[in-house]
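Here are the chains, one letter per residue:
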Amino acid sequence: MMTVQELSDRREIDDLLIRYCHAIDTCDFALLDTVFTPDAVIDYSAFGHPRGRYPEIRAFLAGALPGLAHSQHAISTSRVLLDGDRASATTICTNPIGVRRPDGSVHHTTYHLWYVDELVRTPAGWRLATRIERGSHIDNPAPPE
């Protein structure tokens, strides 16, 4: 049986994972700042994007996300393992996006992946210290340019 603290931790972690999706999909970078530790390591290389510390990845996202026609992260079936002030989580994500083409049309692609996370409890609450995208597959990938 879970303790009240474990239930509280799990709920706060669920909220954190959801907050990431909303921050990314709405390009709310102030909200995104409440998701990661300042020195978090983020690895988006599974689909050819960068790996780096949070400030570098934040700058990449700020340049890339506003150019999308749409983005909608849908997460589910998170497996969270608590260990005191640390936790790990693996979460399924389906992410349909629309990429604007030079002719004004939109190419629709869906990424299927897992987020593999390491989390830490901070004075401000739970934060992601590491996030790795582990790719599964892509539906309707964009043709090479």
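In what follows, the structure referred to is the one given above.
Described below are features of the structure shown in this document. For clarity, every value in this text was computed on a predicted model and none was experimentally measured.

### Concerning the nonpolar core
- With 31 residues, the main nonpolar core has Tyr 20, Leu 32, Phe 36, Leu 61 and Leu 119 as its most contacted residues.
- Where this core is concerned, the elements lending two or more residues are α1 (4-26), α2 (29-32), β1 (36-43), α3 (54-64), β5 (86-100), β6 (106-122) and β7 (125-139).
- Per-element accounting of this core gives the leading share, 7 residues, to α1.
- When sequence neighbours within four positions are dropped, the list of residues in contact with Leu 32 reads Tyr 20, Ala 23, Ile 24, Tyr 54 and Leu 61.

### Observations concerning the packing of aromatic side chains
- Summed over the entire model, instances satisfying the criterion amount to 4 aromatic pairs.
- Here the aromatic rings of Tyr 20 and Phe 36 are separated by 6.0 Å at their centres, their planes lie at 85°, and the arrangement is edge-to-face. Of this pair, Tyr 20 sits in helix α1 while Phe 36 sits in strand β1, and the two are 16 residues apart along the sequence. Exposure class is identical for Tyr 20 and Phe 36. Each is buried.

### Points about unusual backbone geometry
- Positive phi values are uncommon outside glycine, yet Thr 77 reaches one of about 45°.
- The residue Thr 77 is located in strand β4 (residues 74-83) in this model.
- One non-glycine residue, Asn 140, adopts positive backbone phi at about 55°.
- Position of Asn 140 among the secondary structure elements: in the segment after β7.

### Concerning the side chain of Asn 95
- Inspection of the secondary structure puts Asn 95 in strand β5.
- In this structure, Asn 95 is in contact with Ser 71, Gln 72, His 73, Thr 109, Thr 110 and Tyr 111, ignoring residues within four places of it in sequence.

### Structural notes on the pairing of β4
- With 8 bridges joining them, β4 and β5 adopt antiparallel strand pairing. By the bridge assignment for β5, Leu 81 is matched with Ser 88.
- Counted along the chain from β4 to the antiparallel partner β5, the turn is 2 residues long, and its residue Gly 84 has a positive phi close to 65°.

Parameters and conventions
- Along every chain, residues carry numbers that run from 1 in the direction the sequence is written.
- With pLDDT at 70 or above as the cut-off, local features in this predicted model cover only qualifying residues; side-chain atom pairs require 80 or more to be listed or tallied, and sums for whole chains, interfaces and linings still use all residues.
- Heavy atoms throughout the structure, all of them, feed into the side-chain values; hydrogens and water do not.
- For our purposes a nonpolar core is just a set of buried Ala, Val, Leu, Ile, Met, Phe, Trp, Tyr and Cys residues, chained together by side-chain atoms within 4.5 Å.
- For every residue, the accessible area (1.4 Å probe, protein chains only) is compared with the maximum for its type, and the residue is labelled buried under 20%, exposed over 50%, or partly exposed between those bounds.
- Helical segments are the DSSP runs of H or I of at least four residues, strand segments are the runs of E of at least two, and each set is numbered from the N terminus.
- Between two residues, a contact is recorded if the distance between any of their heavy atoms is within 4.5 Å.
- Between 30 and 60 degrees the pair is tilted, below 30 it is stacked and above 60 it is edge-to-face, where a pair is any two Phe, Tyr or Trp rings, Trp via its six-membered ring, whose centres lie within 6.5 Å.
- A strand pair is defined by DSSP finding two or more bridges across the two strands.

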